[in-house]
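# Inside the fold
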Amino acid sequence: RIRRGSIKCRYDIRRFSSVFLSIYNSLVPSEDEINKQKQLLMSLKKLVKKEWPDADLHLYGSCANSFGVSNSDIDICLAIDDSETTKADILLRLADILQLNGFQNVQALTRARVPIVKLMDPVFSISCDICVNNLLAVVNTKLLRDYAQIDERLRQLAFLVKHWAKSREVNEAYQGTLSSYAYVLMCIHFLQQCKPSILPCLQEMKATYAVTVEGKNCAFFDKVKELRNFGFSNKEDVSELLWGFFNYWAYQHDYTNNVISVRTGSIIRKHAKNWTKRIGNDRHLICIEDPFEISHDLGRVVDKYSIWILREEFERAASILQDYRDPCTELFKRY
Ligand code: CTP
Ligand code: MG
């Protein structure tokens, strides 16, 4: 198929900026909610330290990367020496401790791809997943949070994209569409490549933060307060960027040849990564390189059916923003 997007919106898209911003504001979690999450983390830390004095808990995922909408579940990583035991045993012991201390719906999923304990906190009714030693996720959480501090337009764009993806049911990695993490990387890439660019590439700059996790060297510039004016010469606002994002994924991205790479701040050819054909279950129909696990394509879950669902949803979104007199309701209409 040959696809071509319009390069202009029929109506002045900026007219809808205040509506998009009010949707964004309604999604941002309140101070009160964030305090409750912190309190829950503290009480979990106490229990963990009692059992394993050298272990620690870290928040990761949307409650810590600043891309979490209100009432999301929280993701926690237990950092612990697991050389003498197995992750499964640690999780089973953790589940016992939680149950004894009054947490509800405690379940140890030891055979999941990422083994976790699920629980619900009885005081605030917050649901929570705890995994063991998934420290790369803690580091990529920091990378996303640091990007978010450079320019507030990233958070605005990503919240609206996530809200759209959930409404349109294209945010289910286990059903062949994309994870929230993948969508945030797509937003960062879009703001890196736009002209003039709104975000820099932190991994290409002089490293001020460096850790080695699972043998991977994770290094980037993290003095992001110094970058607050980075995107200053690009005056586009949230509504223009939202349209630009969908237009990019509907019509401008070369799905056959290209991989988006936040790590390099640009595009890499599929050829260069050997992602040109299906290997096992990895189909590489839309390629999103993980910033640290660079052999990891976050689009690998997408199959030959769901790729068309995704691309049609991108086109639908672009055309609604382009042509509708009142795009805001239609864009987020439940699937
Ligand atoms: N993650 C990862 N690799 C993936 C998927 C997720 O490393 N393939 C890690 C990331 O650190 C991500 C976290 O797991 O931030 C949680 O992933 P996900 O649930 O997709 O994102 P959230 O930001 O928690 O979004 P949501 O609000 O939808 O829960
Ligand atoms: Mg999450």
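Residues numbered from 1 in each chain as written. Chains lettered and ligands numbered in written order. Predicted model: local features only at pLDDT ≥ 70, side-chain atom pairs only at ≥ 80, totals over all residues.

### A short note on the sheet that holds strand β3 (residues 104–109)
Backbone hydrogen bonds are what pair the strands of a sheet, in a parallel or an antiparallel way. Strand order across the open sheet formed by five strands is β1-β2-β5-β4-β3, with mixed pairing between neighbours. Strands at the two margins of the open sheet, each flanked by one partner only, are β1 (56–60) and β3. Going across the sheet, the axis of each strand differs from the next one's by a mean of 20°, ignoring polarity. Two strands pair when backbone bridges link them, and β1 and strand β2 (residues 74–79) are joined in this way by five bridges, in the antiparallel orientation. Bridge assignment links Leu57 to a residue of β2, and that residue is Leu78. The sheet strands contacting helix α2 (residues 31–51) are β1, β2 and β5 (127–132), and the helix crosses β1 at an angle near 155°. (Pairing = 2+ DSSP bridges. Helix = DSSP H or I, 4+ residues; strand = E, 2+ residues; numbered from the N terminus. Axes fitted to C-alpha atoms, helices over the stretch in contact; angles between N-to-C directions. Contact = placed C-beta atoms within 7 Å.)

### Observations regarding the sheet that holds strand β8 (residues 258–261)
Pairing within the open sheet is mixed, and its three strands lie in the order β9-β8-β10. If you trace the sheet from one side to the other, it starts and ends with β9 (266–269) and β10 (287–289), each paired once. Across this sheet, the average inter-strand angle for adjacent strands is 35°, counted without regard to direction. As paired strands, β8 and β9 are joined by four bridges and run antiparallel to one another. Counterpart to Ser261 in the pairing with β9 is Ser266. Against the sheet, helix α7 (residues 180–193) makes contact with β8, β9 and β10, and its axis sits at roughly 85° relative to β10, the strand it touches most.

### A few points about the packing of helix α1 (residues 17–27) against helix α6 (residues 152–167)
Relative orientation of the contacting elements α1 and α6 amounts to 80°, with a least axis distance of 10 Å. By the angle class used here, α1 and α6 are roughly perpendicular. Two secondary-structure elements touch here, α1 through Phe20, Leu21, Ile23, Tyr24 and Leu27 and α6 through Gln156, Phe159, Leu160 and His163. Across the contact of α1 with α6, the residue classes tally to seven nonpolar, two polar and no charged. (Parallel < 35°, antiparallel > 145°, perpendicular 65-115°, else oblique. Nonpolar A, V, L, I, M, F, W, Y, C, P; charged D, E, K, R; others polar.)

### Things to note about the site of ligand 1
Surrounding ligand 1, one finds 15 residues, the nearest of these being Gly61, Ser62, Ala137, Ser179 and Ser180. If you list the elements that add at least two residues to the shell around ligand 1, you get α3 (62–65), α5 (135–150) and α7. By residue number, the principal contributor to the shell around ligand 1 is α5, which donates three residues. Looking at the shell around ligand 1 residue by residue, the class counts come to five nonpolar, nine polar and one charged. When residues of the shell around ligand 1 are assigned to domains, at least three map to each of domain 1 (13–27 + 150–331) and domain 2 (31–136). (Near = placed C-beta within 6 Å. Domains from an automatic or database assignment.)

### Thoughts on unusual backbone geometry
Geometrically, the link from Lys195 to Pro196 is a cis peptide bond, its omega value of -10° lying close to zero. If you trace the backbone, Pro196 turns up in the loop between α7 and β6 (209–213).

### Points about the packing of α1 against helix α8 (residues 238–252)
Where α1 contacts α8, the axes come no closer than 8 Å and their chain directions differ by 85°. Regarding the angle of α1 to α8, the classification is roughly perpendicular. Residue-level contacts link Ser17, Phe20 and Leu21 of α1 to Val238, Ser239 and Leu242 of α8. Here the residues of the contact of α1 with α8 sort into four nonpolar, two polar and no charged.

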